[in-house]
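# Fold and geometry: a report
For reference, the chains in residue letters:
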Amino acid sequence: MEQECPLVRDLFPDLVAELITLLEDEGARELAICAWDLRLVDECHCGDDFCQSFRTAAHPQGQPYGAGHRCVPLLPSRGMLCLDVVDGRIMYVEVLDRPPMHRHSERP
Ligand SMILES: [Zn+2]
């Protein structure tokens, strides 16, 4: 099901490269490997113009993440990046106050 979602690294290669660098700097090697394989499942629909967050896994509708959830704040040179991780899986990438990301065309 999620296999049909585009790879984030195809859409936003610069973002994924930055995520991986930041995660490796923090010693979070396993998350860095996950970041390479992230897929864009859904965009955040909050409508805030400073928000470019997106989901990288299907979320249970209206449910909290529950046990095993942690936030992984990163320290980018611009804006804010934060990962929501549940049991080692990246569920959500918070992208706030960042310059607009432009999608690269998706591969056929
Ligand atoms: Zn949002």
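A brief report on the enclosed structure follows. The model shown is predicted, which means the values in this text are computed figures rather than measured ones. (Residues numbered from 1 in each chain as written. Predicted model: local features only at pLDDT ≥ 70, side-chain atom pairs only at ≥ 80, totals over all residues. Heavy atoms only, no water.)

### Let's talk about the layout of surface pockets
Our working definition: Cavity: a set of points on a 1 Å grid over the protein atoms alone where a 1.4 Å probe fits but cannot get out. Pocket: an open set with protein on both sides within 12 Å along at least five of seven lines, its lining residues, like those of a cavity, having an atom within 4 Å of a point. Grid points are joined across faces, edges and corners, and a volume is the space filled by probe spheres set on the points. Just so you know the grouping, Ala, Val, Leu, Ile, Met, Phe, Trp, Tyr, Cys and Pro go in nonpolar, Asp, Glu, Lys and Arg go in charged, and all remaining residues, Gly too, go in polar.
Looking at the largest pocket, its volume works out to about 230 Å³. As for the largest pocket, its lining consists of Phe12, Asp14, Leu15, Glu18, Arg78, Arg98, Pro99, Pro100, Met101, His102 and His104. Here the residues of the lining of the largest pocket sort into five nonpolar, two polar and four charged.

### Concerning the sheet that holds strand β3 (residues 69–74)
Here is the rule: Between any two strands, pairing holds if DSSP finds at least two bridges. The numbering of helices and of strands both runs from the N terminus, where a helix is a DSSP run of H or I of at least 4 residues and a strand a run of E of at least 2. Whether two residues touch is decided by their heavy atoms; if any such pair falls within 4.5 Å, the residues are in contact. For helices, the axis comes from a line fit to the C-alpha atoms of the stretch in contact; other axes are also lines fit to C-alpha atoms, and the angle between any two N-to-C directions lies between 0 and 180 degrees.
Within the open sheet, the five strands sit side by side as β1-β2-β5-β4-β3. Their pairing is antiparallel. With partners counted over all chains shown, the strands left at the sheet margins are β1 (42–43) and β3, one partner each. Two elements, strand β2 (residues 54–55) and strand β5 (residues 89–96), share two bridges in a ladder whose sense is antiparallel. Pairing of phenylalanine 54 across the sheet is with valine 93, part of β5. Each of β2, β3, β4 (80–86) and β5 is contacted by helix α2 (residues 13–25), which is oriented at about 75 degrees to β4, the strand it contacts most. Across the face of the sheet, helix α3 (residues 29–36) comes into contact with β3, β4 and β5 while running at roughly 80 degrees to β5.

Treat this as a map of the structure, not an account of what it does.
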